[in-house]
Amino acid sequence: MTSVKEFRVEAPAGPERLGRGSFVFTDDYSVFDWGKMPDAIPNKGASLCAMGAHNFELLEAAGVPTHYRGVVSGGDVRELARVASPPREMAIDLSRVPELPHEGRDYDYEAFHEAAGENYLVPLEIVFRNRVPVGSSLRSRATPEEIGLDRESWPEEAVDLPEPLVEFSTKFEESDRYLSREEADRIAGRADLDRLEALARTVNRTVTDRAAGAGLTHEDGKIECLYYRGEERVADVVGTFDENRFAYGDQQVSKEVIRQYHKRTQPEWVEAVEAAKTRAEAEDVADWRTLCELDPEPLPGHVVDAMRDLYTAGANAYVGTSLFDAPDLSEAVDRVRGL
């Protein structure tokens with residue numbers, strides 16, 4: 001079980017075979033790595049399932065290996081175009097996720113890979129960036145000059161990158177951290193880092209092109225991959241409003257809207273989260289949430305309604321169908337501008 005989608009296993013993966021299962025997308029959301037927040041956004045899960053399925057089908061058509069098998073409707077696994085109502089369940093192939101032993105924040109990747117063999121979920125997130133929007137972690141980790149931009153400081157608006165930037169971060173650690181290429185290569189195990197990067201760049205191009213066709217700008221995102229008998233395959237879900245950041249003009253169309261809303265309206269909680277993460281690192285505590293002194297408050301009803309419309313209108317525009325009863329994307333965007 002992840003913070004926003006349930007995980008069902010039909011046939012578990014073994015050392016020599018992939019398993020079968022599915023993701024069931026819920027309407028829960030998570031910000032600042034908190035996990036499940038105290039409220040939900042109606043139809044959010046179905047919108048993410050539809051966008052993810054559409055992207056996987058685009059990738060499969062381009063010959064990119066993935067773990068996707070289709071969406072589940074009426075008990076059958078089908079292509080997205082063959083369902084009449086928004087799907088919430090995605091059928092997938094399963095790889096193995098061995099235990100990652102650790103003492104505090106010291107993680108034993110050698111033990112992970114010894115158990116993983118030739119079939120495992122790669123313990124990395126591969127992040128790609130086309131633009132550096134407000135809220136991007138890159139602004140706190142590097143100066144514009146360090147990533148090839150001809151300016152000394154970050155502006156208040158988004159900045160386009162001359163070429164997509166690919167980074168690697170941890171996947172299974174309690175607090176994600178960005179990695180040098182050398183450390184990412186070690187953590188990837190048998191998976192080839194160059195091929196993982198190539199997959200990320202292909203996914204980025206695919207999502208960027210599809211977003212442009214829907215009137216959206218694709219700013220950044222990530223992929224996860226599995227490794228099976230010498231082949232890297234795209235896994236998890238790609239190109240959704242939770243995994244990626246999109247913009248419509250100058251307005252964010254992604255989970256970033258909720259993240260920035262919490263920064264404005266619950267700054268004490270956001271500060272408590274950052275303080276807990278800092279303290280956990282200093283005290284070598286794996287789960288920083290145990291050190292957080294405040295819990296988040298639910299969203300007001302009008303914010304939930306506006307975010308529901310943004311997710312569903314955005315999914316309609318991206319997939320190019322009317323799966324959801326939703327306003328036009330421009331109307332949904334106008335509604336969240338004032339939040």
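Residues numbered from 1 in each chain as written. Predicted model: local features only at pLDDT ≥ 70, side-chain atom pairs only at ≥ 80, totals over all residues. Heavy atoms only, no water.

**Q** Just checking my understanding: could you explain helix 6 (residues 256–265) for this structure?
**A** Structural remark: α-helix, 3.6 residues per turn; residues separated by three or four positions point the same way. Among the 10 residues in helix 6, 7 count as buried, and that is most of the element. Regarding helix 6, the residues found buried are E256, V257, I258, R259, Q260, Y261 and H262. Elements that come into contact with the buried residues of helix 6 comprise strand 14 (245–248), strand 15 (251–252), helix 7 (267–283), helix 8 (301–319) and helix 9 (329–337). (Buried < 20%, exposed > 50% of the residue type's maximum accessible area, 1.4 Å probe, protein only. Helix = DSSP H or I, 4+ residues; strand = E, 2+ residues; numbered from the N terminus. Contact = heavy atoms within 4.5 Å.)

**Q** How do you make sense of unusual backbone geometry when you look at a structure like this?
**A** Both trends apply: most residues other than glycine have a negative phi, and most peptide bonds are in trans. Even without glycine at this site, F32 takes up a positive phi of about 55°. Assignment of secondary structure puts F32 in the loop between strand 2 (19–25) and helix 1 (44–61). Residue classification places F32 among the buried positions, given a relative accessible area of 11%.

**Q** Looking at this structure, how should I read the packing of helix 4 (residues 181–188) against helix 5 (residues 193–213)?
**A** Any two packed helices are characterised by the angle at which their axes cross and by the distance between the axes. Taken N-terminus to C-terminus, the directions of helix 4 and helix 5 make an angle of 100°; their axes are 10 Å apart at the nearest point. With respect to helix 5, the axis of helix 4 lies roughly perpendicular. Contact with helix 4, carried on its side by R181, A184, D185 and A188, involves L193, D194, L196 and E197 of helix 5 and no other residues of that element. Its residues assigned to classes, the contact of helix 4 with helix 5 shows 4 nonpolar, no polar and 4 charged. (Axes fitted to C-alpha atoms, helices over the stretch in contact; angles between N-to-C directions. Parallel < 35°, antiparallel > 145°, perpendicular 65-115°, else oblique. Nonpolar A, V, L, I, M, F, W, Y, C, P; charged D, E, K, R; others polar.)

**Q** Is there a simple way to think about the layout of surface pockets in this case?
**A** Unfilled space is identified by rolling a water-sized probe across the atoms. One number sums up the size of the second largest pocket: a volume of about 320 Å³. Considering the residues around the second largest pocket, the lining is formed by 19 residues, among which V134, D250, Q251, Q252 and Q260 are closest to the centre. Going through the elements one at a time, strand 15, helix 6 and helix 9 are the ones with two or more residues in the lining of the second largest pocket. Here the residues of the lining of the second largest pocket sort into 7 nonpolar, 4 polar and 8 charged. (1 Å grid on protein atoms, 1.4 Å probe; cavity = no way out; pocket = protein on both sides within 12 Å on 5 of 7 lines; lining within 4 Å. Points joined across faces, edges and corners; volume = space filled by probe spheres on them.)

**Q** When you look at the environment of A200 in this model, what are you seeing that I'm missing?
**A** Position of A200 relative to the elements: it lies in helix 5. Here A200 falls in the buried class, since its relative accessible area comes to 0%. Counting along the chain gives 34 residues from A200 to V166, while the straight-line C-alpha distance between them is 7.8 Å. Discounting chain neighbours no more than four positions away, the residues touching A200 are I126, F128 and I223.

**Q** Could you clarify how one ought to interpret the state of the cysteines in this entry?
**A** The final tally for this structure, using the stated rule, is 0 disulfides. C225 provides the cysteine sulfur closest to C49, a residue in no disulfide bond, and the two sulfurs are 20 Å apart. On the basis of relative accessibility, which here comes to 0%, the residue C49 falls in the buried class. (Disulfide = S-S within 2.5 Å.)

**Q** It is not clear to me how the nonpolar core should be interpreted in this structure. Could you clarify?
**A** Buried together is how nonpolar side chains tend to be arranged in soluble globular proteins. V122, L124, L196, L216, I223 and M307 are the most contacted members of the largest nonpolar core, which has 90 residues in total. Those residues in contact with V122 that lie beyond four places of it in its chain are K171, A188, A191, L196, C225, L226 and Y227. Core analysis: the second largest hydrophobic core is formed by 7 residues, L149, W154, V159 and L161 among them. (Core = buried A, V, L, I, M, F, W, Y, C linked by side-chain atoms within 4.5 Å.)

**Q** I'm lost on the pattern of salt bridges in this one. Help?
**A** Close approach of charged atoms lets side chains of opposite charge pair. In the structure shown here, the tally under the stated rule is 39 salt bridges. Between D194 and R181 there is a salt bridge, with the nearest N and O atoms lying 2.7 Å from each other. Taken together, the residues D194 in helix 5 and R181 in helix 4 connect sequence positions 13 residues apart. By relative accessible area, which is 52% here, D194 ends up exposed. Connected through shared salt-bridge partners, R129, R141, E167, D220, R245, E256 and R259 make up one network. (Salt bridge = Lys/Arg side-chain N within 4 Å of Asp/Glu carboxyl O.)

**Q** I keep staring at the side chain of D242 and nothing clicks. Help me out?
**A** Looking at the secondary structure, you find D242 in the loop between strand 13 (231–235) and strand 14. Owing to a relative accessible area of 14%, D242 belongs among the buried residues under this scheme. There is a polar contact of 2.7 Å between the side chain of D242 and the side chain of K44. Here D242 is in contact with V4, K44, L48, K255 and Y311, once residues within four sequence places are set aside. (Polar contact = N/O pair within 3.5 Å; in protein donor to acceptor, adjacent residues only side chain to side chain.)

**Q** Is there a simple way to explain the sheet that holds strand 2 in this structure?
**A** Across a sheet, strands are paired by hydrogen bonds formed along the backbone, either parallel or antiparallel in direction. Strand order in this open sheet of 5 strands is 1-2-5-3-4, and the pairing throughout is antiparallel. Each edge of the open sheet carries a strand with a single partner, namely strand 1 (5–11) and strand 4 (76–78). Adjacent strand axes in the sheet meet at a mean angle of 35° when their direction is disregarded. With 3 bridges connecting them, strand 3 (residues 68–73) and strand 4 associate as antiparallel partners. For S73, the partnering residue across the bridge sits in strand 4 and is D76. (Pairing = 2+ DSSP bridges.)

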